[in-house]
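Listed below, chain by chain, are the residues.
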Amino acid sequence: MAEEDNIGVTEALPPPPPIPPDFYPAKAEPEPVKKKVLRVPMARRGLGSKGQKIPILTNHFKVNVSNVDGHFFHYSVALFYEDGRPVEGKGIGRKVLDRVHETYDTELAGKDFAYDGEKSLFTIGSLPRNKLEFTVVLEDVISNRNNGNNGNSSPGRHGSPNENDRKRLRRPYQSKSYKVEISFAAKIPMQAIANALRGQESENSQEALRVLDIILRQHAAKQGCLLVRQSFFHNDPKNFAEVGGGVLGCRGFHSSFRTTQSGLSLNIDVSTTMIIQPGPVVDFLIANQNAKDPFSLDWAKAKRTLKNLRVKTAPANQEFKITGLSEKSCREQTFTLKQRSKNEDAEVQTSEVTVYDYFVNHRNIDLRYSADLPCINVGKPKRPTYFPVELCSLVSLQRYTKALSTFQRSSLVEKSRQKPQERMQILSNALKINNYDAEPLLRASGVSISSNFTQVEGRVLPTPKLKAGNGDDLFSRNGRWNFNNKRFFDPAKVERWAVVNFSARCDIRGLVRDLTRIGEMKGISVEAPFEVFEESPQLRRAPPLVRVEKMFEEIQSKLPGAPKFLLCLLPERKNCDIYGPWKRKNLADYGIVTQCLAPGRVNDQYLTNLLLKINAKLGGLNSVLAVEHSPSIPMVSKVPTMILGMDVSHGSPGQSDVPSIAAVVSSRQWPSISRYRASVRTQSPKVEMIDNLFKKVSDTEDDGIMRELLLDFYVSSGKRKPEHIIIFRDGVSESQFNQVLNIELDQLIEACKFLDEKWSPKFVIIVAQKNHHTKFFQAGSPDNVPPGTIIDNKVCHPRNYDFYLCAHAGMIVQSFSL
């Protein structure tokens, strides 16, 4: 069983020292502040040649565009109710515009249009007038849009069953009128697509490609797909995979048009989103809460979970949105039933009946288990409409947007594995199923799509040479390194440490003995632990936070001071819920280095892997690059060079108030590039640009991230300031490149200037993107592409300097990306 931690190389270090006196040059008059200039991404200067050439297939499909002389016309769409109120709810727009297209074909001059579902509509060629107004009528079938008054005989409505049956025959649904205003906004030349293919990108070219992507979205919407950005999910149970907790992984497809060196291509990839388990509401709740039966459910929690989900009710098979639950059980919840006698002139009679009595005796519906459970409310709070829970089934393709548990994430990874050839077959089938050639707007745009994977030339770079302890060479095999019979390059010392045991059964004495033995073989000195802390058996069923707090109380009561390191044994099952709270308590609250393991099959290889992590966390070095050991890295070894890694992590979906975390790691002890220091700051939620790189608090004080990293580099590198700064930036899209250059790079320069006005290091920013949906395959081979494969032709950007690198061995292929 694999360890629970990821390998880390950052060191636990004290705060940076004050600025050394010799950091500053001789005093000089400060130069005037220079004007900011717009910086742009570096243009491509040529293709690489290093490495062994290899033919590669990629999931880009060639697109031909024959109609480049026409124009896309952009129109703004505004929707209003009959009384003039703007329509704000999502989802209704497509239905309204579909009805406009059906009803007013002549007024639209027979033109098809691409609608983005919100406020933009596009046509090829212009509409007859710059402003058009239409009124359409929709039969409203979802009760939350008409307060649940659909004319059926649900509780909260008056009338006898017979009367309501007659009403339903006369008027199947309640109608609603909408006013639609379509106004001209802009004209986009199709020539902009051809310009983009030549590397002459402009705002027009981005807009033109956006129109083509909107056509794809509309094409998928017409097939009843769930749309998530540029991914589409069909309602097909064959694409569902259960991951636990009433949540399913739903497999679909990402498709988008890309400008590349070889022209326009359609990028199609497998994509996965999470959905609520469709079917009976009770079945979902039992799975979600891991309950035995409906009667052991936590209905307060169920109310929060079900709010705003859509259900279909039996026997009428109508769709509603859940607004809440009844306060009383179905057997006790009453409402006022209004009934007329057979004489039409007679007065309406009212009576109080329970929901259970109404459905069983008035509607003759057999209820098996709902009597003592709450009812589903699909009406408004002041005018509820109740249904027994067993008559309600959750509609399919409803997104689950909460963060997955560790177990669910593990299950998703397990069930989304695909072999390369299987993935290729799925993508080929997707192209056939989507049948883009039949899309009228694509045909009118002169767009045709090849059904063949694009062939590109890859290069397999030579494997980097590593050095282990005692100067031994560390050889790789298929992108993997093995430390058997090797010592660590710079071993740390495991001292002032203890063992924490949350596991029910484990031979701790044997584990410590074996860890010490393997440590000696790797060059690590492992002292005897201070203490072994065993969890009390009575606490094993307590909540994770309670278990962690109790364990920490015991640690604090028995140890003379804070330990340097804690080895934590988790319960036998993988992905246990103690892991998160335990890490947070140790690292965030106390700065204690920890290593977790789940004691299953613990052998020498397992313990070697464990020590690789422990050594890195305690500040040691497992191995170094041979060129670093020389040192002979071009541009880095001869000139003081600082390497930064920068990223921002955000709260889980739906947690809009959770601060984002900006983290920067920086190299130290130049000419080494394997030792790093980390710096972390919080910032505004969901903000991707790091706003704390430079933070001036006075004329002499800067509280930003870069100050401490620059000073640490200076002190640890023989009092040298970096002349080159290389930044690896993760997590930004192409649309944010200029923000990185003009916001973050500006802060980096300001931080350097604040320390020394005359200091002007050179910068290069390398953006690393993982969720780009481009995948590579070996033709006719069941294997992934070899580690070290690089692709810089055909499917790369027509102008920007970019490339694809498969840097390590692909152990498994996973289909989820959202």
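Please refer to the structure placed before this passage.
Residues numbered from 1 in each chain as written. Predicted model: local features only at pLDDT ≥ 70, side-chain atom pairs only at ≥ 80, totals over all residues. Heavy atoms only, no water.

Trainee: Can you help me understand the sheet that holds strand β33 (residues 641-649) in this one?
Mentor: An order of β35-β34-β33-β36-β37 is seen for the 5 strands of this open sheet, with the pairing classed as mixed. Two strands lie at the open edges of the sheet, namely β35 (676-683) and β37 (762-768), each paired on one side alone. Looking at each pair of strands side by side, their axes are set apart by 20 degrees on average, direction ignored. As paired strands, β33 and strand β34 (residues 660-667) are joined by 6 bridges and run antiparallel to one another. Looking at β34, one finds that S649 is bridged to I661. Helix-sheet contacts for helix α16 (residues 705-716) involve β33, β34, β35 and β36 (724-730), and the interaxial angle to β35 is about 170 degrees. Strand contacts of helix α17 (residues 737-755): β33, β36 and β37, with the helix running at about 140 degrees to β37, the strand carrying the most contacts. (Pairing = 2+ DSSP bridges. Helix = DSSP H or I, 4+ residues; strand = E, 2+ residues; numbered from the N terminus. Axes fitted to C-alpha atoms, helices over the stretch in contact; angles between N-to-C directions. Contact = heavy atoms within 4.5 Å.)

Trainee: What exactly am I supposed to notice about the sheet that holds strand β15 (residues 324-329) here?
Mentor: Within a beta sheet, neighbouring strands are joined by backbone hydrogen bonds and run either parallel or antiparallel to one another. The sheet built from 3 strands is open, its strands ordered β15-β18-β19 with antiparallel pairing. Two strands bound the open sheet, and with one partner strand each, they are β15 and β19 (386-388). If you compare each strand with its neighbour and ignore which way they point, the axes differ by 40 degrees on average. Of the strand pairs in this sheet, strand β18 (residues 374-377) and β19 are connected by 3 bridges, and their pairing is antiparallel. When the sheet's bridge partners are listed, C375 is paired in β19 with P388. Across the face of the sheet, helix α6 (residues 299-306) comes into contact with β15 and β18 while running at roughly 155 degrees to β15.

Trainee: Whenever I open this one, α6 confuses me. Can you help?
Mentor: For an α-helix, 3.6 residues make a turn, and residues three or four places apart therefore share a direction. Regarding α6, the residues found buried are W299, A302, T305 and L306. Angularly, the buried residues of α6 cover 110 degrees about the axis, an arc narrow enough to put them on a single face. Put simply, D298 is the residue that caps the front of α6, since its side-chain oxygen is 3.1 Å from the backbone nitrogen of A300. At the C-terminal side of α6, N308 shows a positive phi close to 75 degrees. (Buried < 20%, exposed > 50% of the residue type's maximum accessible area, 1.4 Å probe, protein only. Arc of directions from axis to C-beta. Polar contact = N/O pair within 3.5 Å; in protein donor to acceptor, adjacent residues only side chain to side chain.)

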